[in-house]
Amino acid sequence: MKQTIGGITLLVCDYDEALAYYCEKLGFDVLEDTALGDGKRWVLVAPPGSTGTPLLLAQAATPEQQVSIGNQAGGRVFLFLHTDDFWAAYRHMEAQSVQFLEEPRHEPYGWVVVFADCYGNKWDLLGPATFENG
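Since the model is a prediction, treat every value here as computed from it, not as a measurement. (Residues numbered from 1 in each chain as written. Predicted model: local features only at pLDDT ≥ 70, side-chain atom pairs only at ≥ 80, totals over all residues. Heavy atoms only, no water.)

Draft legend 1. Main features of the overall build of the protein chain. Along its length, the protein chain carries three helices and nine strands. When the elements of the protein chain are put in sequence order from the N terminus, they spell out β-α-β-β-β-α-β-α-β-β-β-β. Whereas a compact globule of 134 residues would reach a radius of gyration of roughly 14 Å, the protein chain reaches 15 Å, a difference of no more than 12%. When the backbone C-alpha atoms are referred to their principal axes, the protein chain occupies close to 50 × 35 × 30 Å. In the protein chain, buried positions account for 37% of the 134 residues. Residue pairs at least 24 apart in sequence account for 53% of intrachain contacts in the protein chain once pairs closer than 6 positions are excluded. Summed over its atoms, the accessible surface of the protein chain is roughly 7,800 Å², and 51% of this surface lies on carbon and sulfur atoms. Across the protein chain, the centroid of the 8 positively charged side chains sits 5 Å from that of the 18 negatively charged ones. (Helix = DSSP H or I, 4+ residues; strand = E, 2+ residues; numbered from the N terminus. Rg over C-alpha atoms; globule rule 2.2 N^0.38 Å. Buried < 20%, exposed > 50% of the residue type's maximum accessible area, 1.4 Å probe, protein only. Contact = heavy atoms within 4.5 Å. Areas by Shrake-Rupley, 256 points an atom, 1.4 Å probe, with all protein chains shown as cover. Lys, Arg positive; Asp, Glu negative; His and termini not counted. Charge placed at Lys NZ, Arg CZ, Asp CG, Glu CD.)

This is the structure we're talking about:
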């Protein structure tokens, strides 16, 4: 039996605001944006060329959902964005005014820097260990 995770829900305040951030600042592609009625949409985004699990941008609809926006992992790093060119991705994000929470650092597993998305969710940007400081 083969199984895959088909998506990860990310609660957002507004579909279009979230799309602008993920597509313009992080360079993600819109995989699907389908109206479901009553203002609800099925919005999937992923990094360009990704074969991994997409993000489902879900506009919070209840007070319980709204309080979780930006804190879906209880303050821990929530999502991990891997790149084959750490410094190019870092510079692109820096030029887009992405909020970095630390300076890039080299760890045994590779280059890493923590950033916050437009709602405050923490992400790791990760690059290969063999890539030089750039």
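The structure having been displayed, the exposition proceeds.
Draft legend 2. A look at the environment of Thr9. Within the secondary structure, Thr9 is located in strand S1 (residues 8-12). Separated by 49 residues in sequence, Thr9 and Ala58 have C-alpha atoms that sit 6.4 Å apart. Aside from chain neighbours lying at most four places away, what touches Thr9 is Leu56, Ala58, Gln72 and Phe78.

Draft legend 3. Focus on the UniProt feature "domain: VOC" (unreviewed entry) in the protein chain. In this structure's numbering, the residues bearing the UniProt feature "domain: VOC" (unreviewed entry) are residues 4-128. For residues 4-128, the end-to-end C-alpha separation is 24 Å, with 22% helix and 40% strand making up the annotated structure. (UniProt positions renumbered as here; feature names shortened; annotations may be inferred.)

Draft legend 4. Summary view of the sheet that holds S1. With mixed pairing, the four strands of this open sheet are ordered in space as S1-S4-S3-S2. Single-partner strands in this sheet number two, and they are S1 and strand S2 (29-37). Taken over all neighbouring pairs, the strand axes of this sheet differ in orientation by 25 degrees on average, direction set aside. Pairing between strand S3 (residues 40-46) and strand S4 (residues 55-59): three bridges, direction antiparallel. Bridged to Val43 within S4 is Leu57. Along the sheet, helix H1 (residues 15-25) contacts S1, S2, S3 and S4; its crossing angle with S3, the most-contacted strand, is approximately 5 degrees. (Pairing = 2+ DSSP bridges. Axes fitted to C-alpha atoms, helices over the stretch in contact; angles between N-to-C directions.)

Draft legend 5. Fine view of the environment of Asp117. Structurally, the position occupied by Asp117 is in the loop between strand S8 (110-116) and strand S9 (122-127). Residue Asp117 is classed as buried on the basis of its relative accessible area, which comes to 3%. As a C-alpha pair, Asp117 and Gly70 span 47 residues in sequence and 8.0 Å in three-dimensional space. A distance of 2.8 Å separates a polar atom in the side chain of Asp117 from the backbone nitrogen of Tyr119. Engagement of the side chain of Asp117 in a polar contact is seen with the side chain of Trp123, the distance being 3.4 Å. (Polar contact = N/O pair within 3.5 Å; in protein donor to acceptor, adjacent residues only side chain to side chain.)

Draft legend 6. Representation of the nonpolar core within the structure. Counting 32 residues, the largest nonpolar core has Tyr22, Leu57, Phe115 and Leu125 as the members making the most contacts within it. Those elements that place two or more of their residues in this core are S1, H1, S3, S4, strand S5 (77-82), helix H3 (86-95), S8 and S9. In this view, Leu57 contacts Leu10, Val12, Tyr15, Ala18, Leu19, Tyr22, Val43 and Val45; residues no more than four positions away in its chain are not counted. (Core = buried A, V, L, I, M, F, W, Y, C linked by side-chain atoms within 4.5 Å.)

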